[in-house]
Amino acid sequence: MKAIYKIAFLVCVSAVATSCFDKSRPNYQYFPNMYEAVPYETYSESSAFRNGKEGQLPAEGSIPRGFSPYEYENTEEGYELAKANLKSPLDSTEVDMGKGAELYTIYCAICHGDKGDGKGNLAKREKFLGIPNYKERDITEGSVFHVETYGKNNMGSHANQLTQKERWQVAHYVMKLRSEL
Amino acid sequence: MKKVGNHTSFSRILIFCLALSLSFSLASYAQDTAAAGTEAETAASAGAGDPVKGKELFNSLCASCHKLDGKSTGPALRGVADKHDREWLYKWVHNSSELIKSGDPVAVKLFADNNNVTMTAFPQLSNQDIDNIMAYTSAPAPAPDVNTPGGKVVVQESGASNNLILGALVLVLIVLVVMLVLVNRTLRRVAAANGVEVAKQDSTISLWQAYARNQFLVLVTTILLILTGGYFLYGYLMQVGVDQGYEPIQPIHFSHKIHAGENGIDCKYCHSSARVSKTSGIPSLNVCMNCHKNISEFTGSKDSTYVEYSKEFYNGEIQKLYDAVGWDKSTQQYTGKTKPVKWVRIHNLPDFVYFNHSQHVSVAGVECQKCHGPVETFEVMKQHAPLTMGWCINCHRETNVKVEGNDYYKKIHDELAKKYGVQKLTAANMGGTECGKCHY
């Protein structure tokens, strides 16, 4: 009988000891002096800025390297102007359909479908409705770029996921898909 | 004989319990099929006309601005056929702005009520098409309204019957234990009646004393104890600072299983900087709104994957996202009142290690899942890998460098392969185990 008590006691102790690992908290660390960064880490909190965040918007008017200004406005008129006038700055050697296809698969195919027929996974599952077939729309490479940059009605802007050059690559790929539909 | 009588009654109880638990599980199964049946019926009896064709047209043309229930860019369309007469509807859909310009009072008011947004003109639709759409919109709120309570009932019922089954099992267990005790007692009684001696246990004290006196045995056990103790202590100390399995509670219950798994959204749609930069990053909320402007409600299927959480819970989480970006669902407009979401960081290397996502994702072509585990099955995000130095080095020793399609480094790849006399270069051959590559 004594042995049973002892075994039970041991089981209880080990249960208590192991249950101390709480998976919603990080583990203990040895002397973490060199673990935690002194400089700001991506997205950390920081008292250096008034809104308490490390991630700040770029100063007004600053532009990334390789950026060229985009003069069409986010309005109906801007859209029409872009459709009529905007031409791709990429020449035929810079257009990379492989790259365009890769980016298109990541960012657009989920709604527009791999072929651009408006039957992406979200449309098939009836989560996101009203996605057009590219063939039905009167689009040009300029208007595609405009729509990627600003969005249109229910489609959002993809400007923060794709750089200008990447958006042009995707626009070329969309026009290719459209011609194949 | 008494003994026999006892036994049969116990086995009878046992069989009864088994039957009970079985019948419960059968009952829950029957409920499931019953619910599925009603669902199919309602879908079939959705109404006259051709709502099926209408649905197709609606989903491809109108759904970008209209929902059946609830406002989107345009008003909700359920039951709109009763609001206006057919001729007006034909004119409106064919060219609404013309109707507004012609001064039709209803049209003008509608236009003003909806922030003067112009509805696209659909001159290509025939009257029959519009009739089909109207048939679809006039369906008396069938699918969702009947489904939701049905779905809920099924979930709750099966949950309840699960509990019942568990309860029945516990009961069976208790009965078994009681049975054992009783059998033991009757056996003893029978033994006593038959005059058989039940052997009594000897006292153990002498054994302990004998053990304590044998110094060799004591020495051996002490050494064994120290060794096992040391083993476990070492194991414990080695896992200090390793956060494998860390699974914090996030401010918004964001399910990778639903997004990346069920709906197949590419990891890089959200973690877009993994392609090009050191950090992979957590998407800013405008990325979420690309979809959630439109997806304001959780309509996920009620198959086994969602049993843990209810629809209401998920809807509440989407509402949290709206509160954070300041999106008003009813007016479909941003209010401008935002508050940042404080995601809890999970993967975090110490400051003295340099890890770059684009090197691994874009250059080496390693899949996210190799390091982060089967993320598309995680309802709650957790750390899959230990992120220790041994883990990084191991992979560098085992993983081949992606040489194909990398003309830029072709020369150095060839030279290194010759130097090491191997067909395939591993990351370690390239210098992936040099301290300075990871520690700076």
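Residues numbered from 1 in each chain as written. Chains lettered and ligands numbered in written order. Predicted model: local features only at pLDDT ≥ 70, side-chain atom pairs only at ≥ 80, totals over all residues. Heavy atoms only, no water.

Novice: Mind showing me how you'd approach the overall build of chain A here?
Specialist: Within chain A, the regular secondary structure consists of seven helices and zero strands. Seen in sequence order, chain A has helices and strands lined up from the N terminus as α-α-α-α-α-α-α. About 12000 Å² of surface is accessible on chain A, with carbon and sulfur atoms providing 57% of the total. (Helix = DSSP H or I, 4+ residues; strand = E, 2+ residues; numbered from the N terminus. Areas by Shrake-Rupley, 256 points an atom, 1.4 Å probe, with all protein chains shown as cover.)

Novice: Can you walk me through the overall build of chain B in this structure?
Specialist: Looking only at helices and strands, one finds 19 helices and two strands in chain B. Residues counted as buried form 29% of the 440 residues belonging to chain B. In chain B, 67% of the contacts between residues at least 6 apart in sequence involve partners at least 24 apart. (Buried < 20%, exposed > 50% of the residue type's maximum accessible area, 1.4 Å probe, protein only. Contact = heavy atoms within 4.5 Å.)

Novice: Explain helix H3 (residues 97–107) of chain A here, please?
Specialist: Within an α-helix, residues lying three or four positions from one another point in the same direction, as the helix has 3.6 residues per turn. Burial in H3(A) covers these residues: Gly100(A), Ala101(A), Leu103(A), Tyr104(A), Ile106(A) and Tyr107(A). Taken together, the buried residues of H3(A) touch helix H4 (109–112) and helix H7 (164–180) of chain A together with helix H11 (267–270) of chain B.

Novice: Help me out: how do you make sense of the pattern of salt bridges in this one?
Specialist: Should their charged atoms come close, side chains of opposite charge can pair. Within the structure shown, the criterion is met by eleven salt bridges over all chains. Of the charged contacts, one joins Glu434(B) and Lys437(B) as a salt bridge, the two residues approaching to 3.7 Å between their closest N and O atoms. (Salt bridge = Lys/Arg side-chain N within 4 Å of Asp/Glu carboxyl O.)

Novice: Even after reading the chapter, I still don't get the interface of chain B and chain A, so can you show me in this structure?
Specialist: A common way to state how big an interface is: give the accessible area lost once the parts meet. Across the boundary between the two partners, chain B contributes 50 residues, which contact 42 residues of chain A. For the pair chain B and chain A, the two sides together bury roughly 4000 Å², of which 47% comes from carbon and sulfur. Inspection of the chain B/chain A interface yields four salt bridges. Across the pair Arg125(A) and Glu262(B) runs a salt bridge, and its minimum N-O distance is 4.0 Å. Applying the counting criterion to the chain B and chain A interface returns 19 residue pairs in polar contact (both at pLDDT 80 or more). If you list the elements that add at least two residues to the side of chain B that touches chain A, you get helix H2 (51–62), helix H9 (215–238), H11 and helix H12 (285–292) of chain B. Counting residues per element, the side of chain B that touches chain A draws most heavily on H12(B), at four residues. Class assignment of the residues belonging to the side of chain B that touches chain A gives a composition of 18 nonpolar, 21 polar and eleven charged. (Buried area = accessible area lost by both parts, 1.4 Å probe. Polar contact = N/O pair within 3.5 Å; in protein donor to acceptor, adjacent residues only side chain to side chain. Nonpolar A, V, L, I, M, F, W, Y, C, P; charged D, E, K, R; others polar.)

Novice: Is there a simple way to explain the environment of Ala123(A) in this structure?
Specialist: Residues and elements named next belong to chain A. Along the polypeptide, Ala123 turns up in helix H5 (residues 121–124). Judged by its relative accessible area of 18%, Ala123 is buried. C-alpha separation for the pair Ala123 and Cys108, spaced 15 residues apart in sequence, amounts to 12 Å. Not counting chain neighbours up to four residues away, the residues in contact with Ala123 comprise Cys111, Gly118, Phe128, Leu129 and Ile131.

Novice: Looking at this model, I keep getting lost on the nonpolar core. Mind explaining?
Specialist: For soluble globular proteins, nonpolar side chains are generally found buried alongside one another. The biggest cluster of nonpolar side chains holds 34 residues, and the ones touching the most others in it are Leu86(A), Tyr104(A), Tyr107(A), Val170(A) and Val174(A). Only H3, H4, H5, helix H6 (141–150) and H7 of chain A together with H12 of chain B provide two or more residues apiece to this core. A total of six residues in this core trace back to one element, the largest contributor, which is H7(A). In contact with Val170(A), not counting residues within four places along its chain, are Gly100(A), Leu103(A), Tyr104(A), Cys108(A), Glu148(A) and Leu162(A). Ala81(B), Trp88(B), Leu125(B) and Ile130(B) belong to the second-largest nonpolar core, a separate cluster that totals 23 residues. (Core = buried A, V, L, I, M, F, W, Y, C linked by side-chain atoms within 4.5 Å.)

Novice: Help me out: how do you make sense of the packing of aromatic side chains in this one?
Specialist: The description of an aromatic ring pair uses the distance of the two centres, along with the angle that the planes make with each other. All names here are of chain B. For the coordinates displayed, the defined rule picks out 17 aromatic pairs over all chains. Taken together, a centroid distance of 6.3 Å and an interplanar angle of 85° make the contact between Trp208 and Tyr211 edge-to-face. One end of the pair is Trp208 and the other is Tyr211, both in helix H8 (residues 205–213) and three residues apart, which spans about a single turn. Among the residues examined, Tyr211 registers a relative accessible area of 27% and is labelled partly exposed. Ring centres of Tyr309 and Phe313 lie 4.8 Å apart, and the angle between their planes is 20°; on these two criteria the pair is classed as stacked. According to the relative accessible area criterion, Tyr309 is partly exposed, its value standing at 25%. (Phe/Tyr/Trp six-rings, centres within 6.5 Å; stacked < 30°, edge-to-face > 60°.)

Novice: How do you make sense of the environment of Glu166(A) when you look at a structure like this?
Specialist: Counting through the fold element by element, Glu166(A) comes out in helix H7. Judged by its relative accessible area of 12%, Glu166(A) falls in the buried class. When the C-alpha atoms of Glu166(A) and Ser143(A) are compared, they prove to be 15 Å apart, with 23 residues separating the residues in sequence. Once residues within four sequence positions are removed from consideration, Glu166(A) is found in contact with Leu103(A), Gln161(A) and Arg275(B). Among the polar contacts made by the side chain of Glu166(A), one reaches the side chain of Arg275(B) at a distance of 2.9 Å.

Novice: Looking at this structure, how should I read the confidence of the model for chain B?
Specialist: Atomic detail in the predicted coordinates should be set aside for any region of low pLDDT. Residue and element names in this part refer to chain B. Of all residues in chain B, 81% attain a pLDDT of 70 or more, and the chain-wide mean is 79. Within the model, pLDDT remains below 50 along residues 1–47, and this stretch shows 26 contacts once partners closer than five positions in the same chain are excluded. Across residues 143–158, confidence stays below pLDDT 50; counting only partners more than four residues off in sequence or on other chains, it has twelve contacts. Predicted as a complex, the structure gets a pTM of 0.78 and an ipTM equal to 0.85. (pLDDT = per-residue confidence, 0-100.)

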